[in-house]
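Below, each chain spelled out in residue letters.
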Amino acid sequence: RGVYRRREGDASSQGSYPSGPSKEHVRLNGDLAHARGVDALLAIVDARGDEMNAVNVATAVNSLWKQAKREARDIARDERRDPRQGHRRGETRFGESVWPVGLGTQDWEAARDRVGTKLSHDPRLPKLLRLVREKGDELHARAVSGVMHSLGVLRADLRALPVGRWTARFEKSFTAKLAGALSSRVEATAAEMNAQEVAIAYNACAKYDALGERLTPDAWLALALAASKQSSGFTPQGLAMTLNALSKTPAMEATAAAAVPQRGWEALARAVVSAFPAATWRPNDDGDMQSVAVIFNALAKLDHAALAIAGEDGWRVLVAAAVTCARTRTARNELGFNGQALAMVLNAFANCHAASSELATVEGGWSALRDNFVAAAPRDTRAQGACMILNASWKLIKEHGFETSAEFRRAAADFAARIAEDVPPKTTGLLVNSLAKLKDVAAEVTPEGWRRIAACVHRAYASVGDANFERDREKIRDLHRGDERGSFAERFADSGFEVGQFDGDELTATFQSVCACDPLVDALGDDTWRVISAAVADFARTGAMSPDSVFATTASYNALQKRAPRAFAAADACNVWEPLATCALSRLDDMNPIFVIQTLDAAKKLPELREALDKVGGSVSGWARLAERLGETAGELDAVNAVNAISALGWMPFLAVEMSDKGWNTVLDRLRTHETVLTDRRLSLEAAMLHGHDVSGAAASAAAETKYAEKSVSGLHLIQSHEGYDSYGKAVREKIAECIERIEGKMDDETRAKVHKRFEKLSR
């Protein structure tokens with residue numbers, strides 16, 4: 001009876017009942033397994049909970065999620081408006097129906113939320129959960145994985161956990177106790193689990209992350225050893241569930257993945273290679289394709305697993321499987337991966353050089369994935385996956401020179417415009433950054449498409465309130481404490497902060513992407529510039545801007561200087577500059593060399609920022625603090641940024657006058673280190689390309705070949721023209737003169753003439 005039959009001759013799997021359960025428990029198990037509906041099941045738990053043994057509890061939890069999903073399915077079918085609305089029919093994820101066959105996405109999700117909310121607030125649910133905790137130490141191997149799986153479904157698929165009546169503090173305490181009870185049983189029974197049960201246990205922790213984060217190291221080690229032992233028995237689906245769980249969150253990587261020994265990774269790698277024999281493997285259904293996608297996505301995140309795969313020649317096998325999937329038509333005559341799976345595969349290729357390099361060797365490999373996207377784009381409407389596809393595509397195109405087809409460009413442009421209305425704030429930057437990088441795709445976006453994307457940007461910034469910056473405040477507090485305390489989910493549970501919220505770092509990174517996308521800059525109206533500026537100013541006034549956010553904001557306004565006067569009018573109206581300058585100075589000690597140079601470069605070009613830095617320095621001049629930090633970090637600058645440092649010092653005498661002799665020596669010595677790059681046309685061109693400068697076309701390429709030699713010597717000449725130059729010290733002045741002589745001495749006559757022409761122009 002029920003779902004957890006004991007194994008013949010296996011005493012350990014029978015828990016505390018070596019001679020078998022009583023007839024009463026068998027009968028109770030049957031009642032639980034055959035209860036019709038959530039209410040009937042919970043009524044049995046409420047009335048007879050004191051009589052239940054561990055097997056009864058496991059059956060009750062397993063039956064509960066099945067009954068709840070069945071009720072949601074029935075509600076959705078009764079109330080659906082259009083059976084063709086929404087997602088593809090019957091798509092699966094990790095072997096479970098995401099929503100039942102034939103139902104629209106919105107119908108199913110609304111019904112699921114309705115059932116899940118009702119269940120979450122049912123006073124009988126906590127009683128069942130307490131029984132799980134109390135009877136956990138009697139569960140056998142199959143029941144342990146089954147109970148964990150049931151809790152994961154209740155949490156992730158039905159949103160019934162945490163219990164609606166529980167406070168965040170109580171829920172945290174209860175989850176810790178529940179994890180403790182299950183940890184002890186995992187330790188005791190993992191060695192008896194088969195491959196399917198191991199995979200289910202791992203997958204449960206991916207679904208119920210608060211539970212997974214609290215399993216003990218010994219429990220994770222026991223599961224890891226079981227996975228290694230049972231690796232030959234894993235199906236593709238089981239491998240997908242296991243590897244997905246190990247890579248699901250940073251917390252899971254730090255606990256579950258860290259517990260896997262090297263021989264465990266090697267065993268899993270061999271299992272992956274065996275599951276997809278390159279010469280003969282073909283996907284049987286959507287589930288097989290989904291498994292390939294999930295495995296790819298996980299391996300791109302797990303360094304030890306990726307190394308083990310490489311050792312087994314596994315990337316060749318997996319790339320062949322992915323390309324085969326992309327070329328295969330499903331039973332519905334649809335080509336290749338669905339949108340979600342394609343997003344995972346392309347994202348994995350973009351983040352794993354070994355995989356993408358293998359793809360580049362496969363004849364027709366990229367074109368198969370490209371054609372898969374063209375086929376999937378019209379039928380897939382999920383915004384996050386779409387943004388991942390576009391983001392991964394530009395990375396692969398940049399790294400390997402993959403070409404886009406006309407069909408790809410049109411499909412991607414239409415796709416971006418169509419999904420814009422559904423893109424959440426947190427994903428807006430991904431969409432915009434992709435279009436900024438895929439310029440040939442952006443060129444295909446219609447004016448109406450840009451209007452929709454501009455409206456998406458407006459919504460993202462208009463949604464910002466003070467609560468969005470709480471995570472940024474916590475990051476700064478951690479930075480000052482020098483520690484990391486648990487997961488974000490733990491730290492913000494009491495304040496009601498939503499972990500997936502559009503925080504300040506994402507807000508400023510999205511702003512940087514917006515400013516890099518020329519057609520979008522042109523499409524934004526005055527109202528949108530005002531909401532962007534207001535959000536940036538509010539963030540700056542919190543004092544919680546990270547070095548990354550200061551960098552992104554200054555870089556954004558730098559990029560807009562000559563292109564968007566409306567953006568500067570909005571920034572002035574919202575008083576962006578002084579709070580931004582205050583944050584820049586307060587984060588100086590945490591800035592890396594590139595961020596320091598970017599701040600100085602922005603100050604050089606933006607009079608509004610210069611004026612603000614003059615005002616907010618306090619007892620120690622802001623320029624003195626910037627000069628000190630430049631001297632401290634200049635020794636790590638590459639050629640381009642060493643030139644930018646000299647240029648900033650040349651253009652801003654008030655910065656140069658604050659430099660110490662030690663700081664001057666550091667900057668000038670670093671410039672001398674890179675003299676070969678500055679005076680070699682080929683190396684200068686490579687440096688420009690490395691920094692993302694557009695060198696396409698003969699004129700741009702020729703300019704880049706001599707740009708840094710011209711800029712460095714012109715900057716040094718500007719420094720020599722400062723009114724207070726004599727105060728810089730004899731040794732510094734001699735070193736500057738030596739730098740000019742050496743660099744000019746290595747120039748050809750044409751470049752030397754350009755330098756003098758540039759300096760004369762600057763002097764005027």
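Here the structure is shown first, and the text comes after it.
Parameters and conventions
- Residues numbered from 1 in each chain as written.
- Predicted model: local features only at pLDDT ≥ 70, side-chain atom pairs only at ≥ 80, totals over all residues.
- Heavy atoms only, no water.
- Helix = DSSP H or I, 4+ residues; strand = E, 2+ residues; numbered from the N terminus.
- Buried < 20%, exposed > 50% of the residue type's maximum accessible area, 1.4 Å probe, protein only.
- Areas by Shrake-Rupley, 256 points an atom, 1.4 Å probe, with all protein chains shown as cover.
- Salt bridge = Lys/Arg side-chain N within 4 Å of Asp/Glu carboxyl O.
- Contact = heavy atoms within 4.5 Å.
- Polar contact = N/O pair within 3.5 Å; in protein donor to acceptor, adjacent residues only side chain to side chain.
- Expected span 1.5 Å × (residues − 1).

Colleague: Would you mind going over the overall build of the chain in detail, with residue names and values included?
Modeller: A tally of regular secondary structure across the chain gives 43 helices and two strands. Buried positions account for 55% of the 764 residues belonging to the chain. As displayed, the chain has an accessible area near 32100 Å², and 49% of this comes from carbon and sulfur atoms.

Colleague: Please provide a residue-by-residue account of the pattern of salt bridges, values included.
Modeller: Using the criterion set out here, one finds 34 salt bridges in the structure. The residue Glu705 makes a salt bridge to Arg681 at a minimum N-O spacing of 3.3 Å. A residue pair is termed long-range when its members are at least 10 positions apart, and Glu705 in helix 41 (residues 698-720) and Arg681 in helix 40 (residues 681-690) qualify at 24 residues. A single salt-bridge network, built from bridges that share partners, covers Arg681, Glu705, Asp748 and Glu750.

Colleague: Outline the environment of Met344, listing residues and values.
Modeller: Considering the arrangement of structural elements, one finds Met344 in helix 17 (residues 339-351). Along the sequence, Met344 and Ala298 sit 46 residues apart, while their C-alpha atoms lie 9.0 Å from each other. Setting aside chain neighbours within four positions, we find Met344 in contact with Gln290, Ala293, Val294 and Asn297.

Colleague: Kindly report on the environment of Ser184, identifying the contributing residues and their values.
Modeller: Along the chain, Ser184 falls in helix 7 (residues 168-189). Given the relative accessible area of 35%, Ser184 is considered partly exposed. For the pair Ser184 and Gly136, spaced 48 residues apart in sequence, the C-alpha separation works out to 8.6 Å. Among the polar contacts made by the side chain of Ser184, one reaches the main-chain carbonyl oxygen of Ala181 at a distance of 2.7 Å.

Colleague: Give a description of the environment of Ile594 that names residues and reports values.
Modeller: When you line up the elements, Ile594 lands in helix 33 (residues 593-605). For the pair Ile594 and Phe551, spaced 43 residues apart in the sequence, the C-alpha separation amounts to 8.8 Å.

Colleague: I'd like to hear about helix 27 (residues 504-515), residue by residue, with values.
Modeller: Here helix 27 spans 17 Å end to end across 12 residues, near enough to the 16 Å set by a 1.5 Å rise per residue. Where burial is concerned, most of helix 27 is hidden: nine out of the 12 residues are buried. At the N-terminal end of helix 27, a side-chain oxygen is found 3.3 Å from the backbone nitrogen of Asp505, two or three residues along, and the residue is Asp503.

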